[in-house]
Amino acid sequence: MSWQEIKQWLHERHLENEVLDHLVEMVDPQMKKVRGHRNMLREPLSICTQYGENLAAGIAGPILADREKWSATPQLKALFAGSDNPEQLLAAEQGAEPASYLLLTMTRTERTIFGRKKRGEMVIGDARMQSVTFTDHKVFPLGTTEAEARAALEQLSIETIILAASRKMMAVLAELSDLHQQQSNLKAISKMFGGSSRGHNVFGVQPIEQKEKLEKVTALLEETEQDLELYRSKLETPEQRLESLAEYLSRPEKILTSQPFSLILDWKNVIVDEKEGKAVTLALTRFSLPEEMQRDGVLVGFE
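What follows deals with the overall build of the chain. Looking only at helices and strands, one finds seven helices and eight strands in the chain. A burial count over the chain gives 37% of its 303 residues as buried. A total accessible area of about 18,400 Å² is found for the chain, and carbon and sulfur atoms account for 51% of it.

Glancing now at the nonpolar core. As a rule of thumb, nonpolar side chains are buried together in soluble globular proteins. Formed by 37 residues in total, the largest nonpolar core has its most connected members in Leu23, Val27, Leu41, Leu153, Leu245, Leu249 and Ile255. Residue assignment for this core shows that the elements contributing at least two residues are helix H1 (3–27), helix H2 (37–57), strand S4 (101–119), helix H5 (146–194), helix H7 (238–249) and strand S7 (280–289). It is H5 that provides the largest number of residues to this core, a total of 11 residues. Those residues in contact with Ile255 that lie beyond four places of it in its chain are Ile161, Ala164, Ala165, Tyr248, Ser288, Leu289 and Pro290. Core analysis: the second largest hydrophobic core is formed by 23 residues, Phe80, Leu102, Val139 and Val280 among them.

Moving on, we get to H2. Compared with an ideal rise of 1.5 Å per residue, which puts 21 residues at 30 Å, H2 spans 31 Å between its outermost C-alpha atoms and is within 8% of the ideal. At Glu43, H2 shows its largest bend, some 30°, and a proline, Pro44, comes one to four positions later. The complete set of buried residues in H2 reads His37, Leu41, Arg42, Pro44, Leu45, Cys48, Gly52, Leu55 and Ala56.

Turning our attention to the packing of H2 against H7. In the contact formed by H2 and H7, the axes pass within 8 Å of each other and the chain directions differ by 15°. As summarised for this structure, H2 and H7 are arranged roughly parallel, according to the angle between their axes. Where H2 crosses over H7, the handedness of that crossing is left-handed. For the pair formed by H2 and H7, the contact residues are His37, Met40, Leu41, Pro44 and Cys48 on the first element and Leu242, Glu243, Leu245, Ala246 and Leu249 on the second. Across the contact of H2 with H7, the residue classes tally to eight nonpolar, one polar and one charged.

Calculation criteria
- Along each chain, numbering runs from 1 in the same order as the chain's sequence is written.
- Residues qualify for local features only when their pLDDT is at least 70, as the model is predicted, and side-chain atom pairs are given and counted only at 80 or more; totals for whole chains, interfaces and linings, by contrast, use all residues.
- With hydrogens and water set aside, each side-chain value is computed from the structure's full complement of heavy atoms.
- Labels follow the DSSP assignment, with helices taken as runs of H or I lasting at least four residues and strands as runs of E lasting at least two, numbered in each case from the N terminus.
- Note on exposure labels: buried denotes an accessible area under 20% of the residue type's maximum, exposed denotes more than 50%, and partly exposed covers the range between, all computed with a 1.4 Å probe on protein chains only.
- All accessible areas in this document rest on Shrake-Rupley with a 1.4 Å probe, and a residue is counted as covered only by the protein chains that are shown.
- For this analysis, a nonpolar core means a set of buried residues of the types Ala, Val, Leu, Ile, Met, Phe, Trp, Tyr and Cys, connected via side-chain atoms within 4.5 Å.
- By definition in these notes, contact holds between two residues if any of their heavy atoms fall within 4.5 Å.
- Expected helix span is taken as 1.5 Å per residue step, with the number of steps being one fewer than the number of residues.
- Two axes are fitted around each residue, one to the seven residues ending there and one to the seven starting there, and the angle between them is reported as the bend at that residue.
- Here an axis means a line fitted to C-alpha atoms, over the contact stretch when the element is a helix, while the angle between two N-to-C directions is reported on a 0 to 180 degree scale.
- Orientation labels follow simple angle bins: below 35 degrees gives roughly parallel, above 145 gives roughly antiparallel, 65 to 115 gives roughly perpendicular, and whatever is left gives oblique.
- Crossing handedness is defined as follows: a turn of the near helix away from the far one that is anticlockwise and smaller than a right angle gives a left-handed crossing, while the clockwise case is right-handed.
- Polar here means any residue outside two lists: the nonpolar Ala, Val, Leu, Ile, Met, Phe, Trp, Tyr, Cys and Pro, and the charged Asp, Glu, Lys and Arg; Gly therefore counts as polar.

What follows is the structure in structure tokens.
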């Protein structure tokens, strides 16, 4: 290995360490005290990186267009149908200049309509059809060439996976803290209802209403303690939390998914089976973060 290669390796290692330290700091700084914490996360980070590269390579597009005459491109016209100020969105800048390539994402809504539909040589008068609307458009400037754009998409994918993983871990740790607090509160309530003779009448018998409340509190306390035990087995110590984070990052396909799909839309943005007349084929990618978001996206380039 040449000295230049060694310097490059050290530079990349330093950047990787910065990413790992930032990740640990976000989730739980206590994990920094675990010996070899960076090494435990290197392989999961490598898995995320490879996954991000594959994801970026499979994103639909580019749709090539003239920025000043974007509406002359049928795909963009269909995606921005009914949208306000698409010109402002498409003029997204990267530095001082408008970006030549950008990622366009949006929310897709389908609704059922009824109308005339041609099927073969027949025309059905009251056919059930699906109309498509794209809203909440967002753009991410990526670069001046498609190669730069794909590289930026890799970075964007990896950052999204890491941020989603950290949010998930922080949410789980917050839930663990809440369970501890709930356990403490339930123990206090249980003691109040059944832990002293003040909860009984002069004959040493609990009132029925108070007994029922105690039974409910006891059942909830048992359920809380079972949940706590489940969390403790994976998250009680910094070592366990680090192992859980490594395991989570090792499965990026559970965090961020992408699925290519295509639609054929007529001039009214109604889904049709075949491309005829002014119909346009849209090749898109569906991005999903479980329990967080689902959006459609495509790479757009300006010539």
